[in-house]
Structures are given as structure tokens and as C-alpha cells.
Amino acid sequence: MNSIPRSTLITLAAVFSAYHVARGLLTLGTATHAAPVIVALAVYAVVTVLVLAPFGGRGMPTWAAALAFSCAVVVTLLVTSQLDAHADNGYATWHTNAVGTLMVIIVVRGHKLMAAAGTLFLIVYSVAWCGLMGSAQIGVTGAVAWVVLAYVMTGALQKAEAGATQLVEAEREAVRWEAAQHAHRSERRERLETASRIAGPLLRDVVLAQGRLTDAERDQARLIEARLRDDIRGRALANDRVRDAALAARRRGIIVQLLDEGTIDDLDAIERQRVLDRVAAAIDAAETERLIVRTAPDHSDVAVTIVGVSSPPPGSDDTEDDVDVWLEIPRQERA
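Here the structure is a predicted model, which means the values were calculated and not measured. (Residues numbered from 1 in each chain as written. Predicted model: local features only at pLDDT ≥ 70, side-chain atom pairs only at ≥ 80, totals over all residues. Heavy atoms only, no water.)

1. What about the overall build of the chain?
The condition that has to hold: Per the convention used, a helix needs a DSSP run of H or I reaching at least four residues, while a strand needs a run of E reaching at least two, with both numbered from the N terminus. Think of it in three bands: residues with accessible area under 20% of the maximum for their type are buried, residues over 50% are exposed, and the middle band is partly exposed, with areas taken using a 1.4 Å probe on protein chains only. Only heavy atoms matter for contacts: two residues are in contact if any of them lie within 4.5 Å across the pair.
Broken down by element type, the chain carries nine helices and four strands. Start at the N end of the chain and walk to the C end: the helices and strands fall as α-α-α-α-α-α-α-α-β-α-β-β-β. Within the span of the chain, comprising 335 residues, buried residues form 37% of the whole. Across the chain, the fraction of contacts at a sequence separation of at least 24, relative to all contacts at a separation of at least 6, is 65%.

In C-alpha cells form, the structure reads like this:
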């Protein structure tokens, strides 16, 4: 269901407020002195225009709500000071519905406590001024009813809006989950197809040879296994250039590990290609026993860290591995 346009609500409130001002002008003759009532009308008109003004959203500043409360007090005191509390003043008590309208506006604009304070003042003062029955006759009951109705409807609309927001968020989460599942299935299918394409011929030869492989075939099987492991654990690190460099390094006897923690997924295509080109070049130039290529942690200026280590020479007293390669590739190219 479409909501009522904000401009329509503002126009409606302005029309009601203008009606109260017109009633006050037409009943100036009832007042003992017209000047205080005219001041009350001017104050009410100015404050009403202010509280209806846009403040960058549906709400309004606290100072504007406080000004509306002050207006309710001032207008009530000015108007009633010029009327006989025990006479039939008719529409000269326009201030009750005017204050009620003003309080409805600030309820809708998010200041319920200030509106409650203004309404409570109207009730207490009116009862003290003209009695309980008299306050009902001058329209206090109707003004209070409008404020209460606005309070209830505003709360209901806020709950409905919160529910709608939660529903939209749940739908978005469901879409994200479905997209993730689709991507997972697609990736799994792609990996299975790649594994079948790469390892299929060798597995077929293994079956035909009944497991009796030559040394060259065993080496080829180890290289294929490492290639498949790179695709699984290396993910974004394993493009064609890096795969070729890793394959060449393994043929040189280097143990290569590609470990992607998912921290370079946000790089654009150009930056990622630059990083992977440097990774491949570093693997090509490496002379070590074990080479570990790992993406750096989140919130780091480094994209990839490459470490190469070798065991100490036989007979050496040193029990720790020697670091042959240490390279950090930045996320962004330095000038």
C-alpha cells in the first residue's frame, strides 16, 4: 500500500492551522482586548510554519519542538486572559484546537514527550481556568483525542515500518545466501570439471596399468596433485602464469604452497594482475627448498607475502631453517 505523500500531510496540517487562525480573527470582538489575541495568532502562525518546515527528514530538532511547547503555553495564556471563564465564548476559544493541532504535528515529527507535556498543560490549565465541564465545552477533549490518536497511529506506523525494514533485510539476506550457494555450486562444478580434465587421463592410465606406474608417471601424478591443490587452496593466487611458475619450480625440486586467505578478492583486475605477475616472477627466481606464497591479513598494505626456507646444511649446529626468500608485494603500486 502506498503511503500518503509528505506534501499532502503538510498541506492538510497547514489548512487546519489556517482555519484556527481564521476562527481567532473572526472572534476578536469577544475578547476584552484584541491586541493580546492578535499577538497569540501571530505567534501561533509563525511557530506553525516553523514546525512544518523541512529539516532534512521526517523529524525536527528538539529546539523546534520546545518552541512549539512554549507557543502552546503562551497562546493559551494570552487568549484566556481576554475571555470570561464562565461565559459562553463560542469560537473565541480557538486556542484549544490550535494547541491540539500543534501538538499533533510534533507527535508526528517524533517528539512525543514534548507533545505530551504541551497537552498536559492545556488540560491542567483549562480545568483550573473554567472547570472540568467548561474545559470539555471549549474543545479540550477533542484536542486531547486528536493528540492521543496521532500518538497511537504514529507508533503503529513505526512498528509497521520496522517490520517492513526487517522483511526487506531478510529478503536481501535470502538473495545473498542464494547467490552464495549458486556461486559455491558453480565453483564446485568448475573445480570438478577442471580436475576431471587435468587428472582424468592420468587416472585412466593408472587403471589400465593396474597401478604399476613408472617413476616419470609418479612424478607427473605428484605434479597434477599439487596443481589441483593450488586451485583449491590458492584460489585467487592461481592464475595461468602462477601455475606455470609453480610447476616449473616443482620440477626444480622446490616444494611450493599457495595459500589464499581471501584478502585480495577486492583488488581490481589491473592491480590483481600486477600482484600475480610479481608472484610468478618471484617463484621463477626462487632458489630454496620450500616456498610459501600467502595472501596477507586484512587491513594490511601488503597483498602477498612470499617466504622461502631451506633446512640447515648436514652437520650444522643450527637447527632452525634458513630464510632464503622474503618478499612482500604491496596492494598498490608504490610511486
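Still to come is the rest of the account.
2. Let's talk about the nonpolar core
Side chains of nonpolar character tend, in soluble globular proteins, to be buried together. As a reminder of what qualifies: We call a set of buried Ala, Val, Leu, Ile, Met, Phe, Trp, Tyr and Cys residues a nonpolar core when their side-chain atoms join them within 4.5 Å.
The biggest cluster of nonpolar side chains holds 41 residues, and the ones touching the most others in it are Tyr44, Val51, Val75, Trp94, Leu102 and Met103. Per element, the largest residue contribution to this core is eight residues, and it comes from helix H4 (residues 95-108). Once residues within four sequence positions are removed from consideration, Met103 is found in contact with Ala68, Phe69, Ala72, Met114, Ala115, Gly118, Thr119 and Val147. Within the second largest apolar cluster, 26 residues are counted, among which are Ala249, Val256, Ile264 and Ile283.

3. Description of the pairing of strand S3 (residues 302-310)
The condition that has to hold: Strands pair, by our definition, only if DSSP identifies at least two bridges between them.
By the criterion of burial, S3 is predominantly enclosed, with nine of the nine residues buried. Both strand S2 (residues 290-295) and S3 contribute to a ladder of six bridges, which runs antiparallel. Note that in S3 the partner of Ile292 across the bridge is Val307. Following S2, the chain reverses through six residues before pairing antiparallel with S3; His299 in that reversal takes a positive phi of roughly 60°. Of the strand pairs in this sheet, S3 and strand S4 (residues 322-330) are connected by eight bridges, and their pairing is antiparallel. Bridge assignment links Ser310 to a residue of S4, and that residue is Asp322.

4. Observations concerning the pattern of salt bridges
Test applied: One side-chain nitrogen of Lys or Arg within 4 Å of one carboxyl oxygen of Asp or Glu is enough to make a salt bridge.
Counted by the stated rule, this structure contains 14 salt bridges. Two residues, Arg243 and Asp240, come together in a salt bridge whose shortest N-O distance is 2.9 Å. Highlighted residues: Arg243 and Asp240, both in helix H8 (residues 240-251), separated by three residues, approximately one helical turn. One salt bridge in this structure joins Asp266 and Arg331, with 2.8 Å as the shortest N-O distance. Linking Asp266 in the loop between strand S1 (255-259) and helix H9 (269-285) with Arg331 in the segment after S4, this pair joins segments that are 65 residues apart in sequence.

5. Notes on the pairing of S2
What counts, and what does not: Handedness of a crossover is defined as follows: with both strands directed away from the viewer, a clockwise route from the first strand across the helix to the second makes it right-handed.
Only one face of S2 is buried, namely the one carrying Leu291, Val293 and Thr295, since none of Arg290, Ile292 and Arg294 on the opposite face is buried. Pairing of S1 with S2 involves five bridges; the strand directions are parallel. Looking across to S2, one finds that Val256 is bridged to Leu291. Once you follow S1 into H9 and on to S2, the crossover reads as left-handed.

6. Details of H4
To be explicit about the condition: In this analysis, the expected span of each helix is defined as 1.5 Å times one less than the number of residues it contains.
Its 14 residues place the ends of H4 20 Å apart at the C-alpha level, agreeing with the 20 Å of an ideal helix rising 1.5 Å per residue. In terms of residue burial, H4 counts as a mostly covered element, since twelve of its 14 residues are buried. Among the residues of H4, those classed as buried are His95, Thr96, Ala98, Val99, Gly100, Thr101, Leu102, Met103, Val104, Ile105, Ile106 and Val107. Just downstream of H4, Gly110 is the residue with a positive phi angle, here 95°.

7. A word on the packing of helix H2 (residues 34-52) against H4
Describing two packed helices takes the angle between their axes plus the distance from one axis to the other. Note the cut-off: In this description, a line fitted to the C-alpha atoms serves as the axis of each element, helices being fitted only across the stretch in contact, and the angle between N-to-C directions of two axes falls anywhere from 0 to 180 degrees. Roughly parallel means an angle under 35 degrees; roughly antiparallel means over 145; roughly perpendicular covers 65 to 115; every other angle is labelled oblique. Two helices that cross are described as forming a left-handed crossing if the nearer one is turned anticlockwise from the farther one by less than a right angle, and a right-handed crossing if clockwise. Residues are grouped as follows: nonpolar covers Ala, Val, Leu, Ile, Met, Phe, Trp, Tyr, Cys and Pro; charged covers Asp, Glu, Lys and Arg; every other residue, Gly included, is treated as polar.
At a minimum axis separation of 10 Å, H2 and H4 run at an interaxial angle of 15°. When the axis of H2 is compared with that of H4, the two are roughly parallel. Between H2 and H4 lies a crossing of left-handed hand. Contact residues: Tyr44, Val47, Thr48, Val51 and Leu52 in H2; Ala98, Thr101, Leu102 and Ile105 in H4. Counted by class, the contact of H2 with H4 contains seven nonpolar, two polar and no charged residues.

8. Overview of the side chain of Thr263
Basically, it comes down to this: In the analysis that follows, any N or O atom pair within 3.5 Å is treated as a polar contact, provided that within protein one partner can donate a hydrogen and the other can accept it, and provided that, for residues neighboring in sequence, both atoms belong to side chains.
Tracing the sequence through the fold places Thr263 in the loop between S1 and H9. Within the local environment of Thr263, its side chain forms a polar contact with the side chain of Thr295, the two groups lying 3.4 Å apart. Those residues within four positions of Thr263 in sequence are excluded, and the remaining contacts are Thr295, Ala296, Pro297, Asp298 and Arg331.

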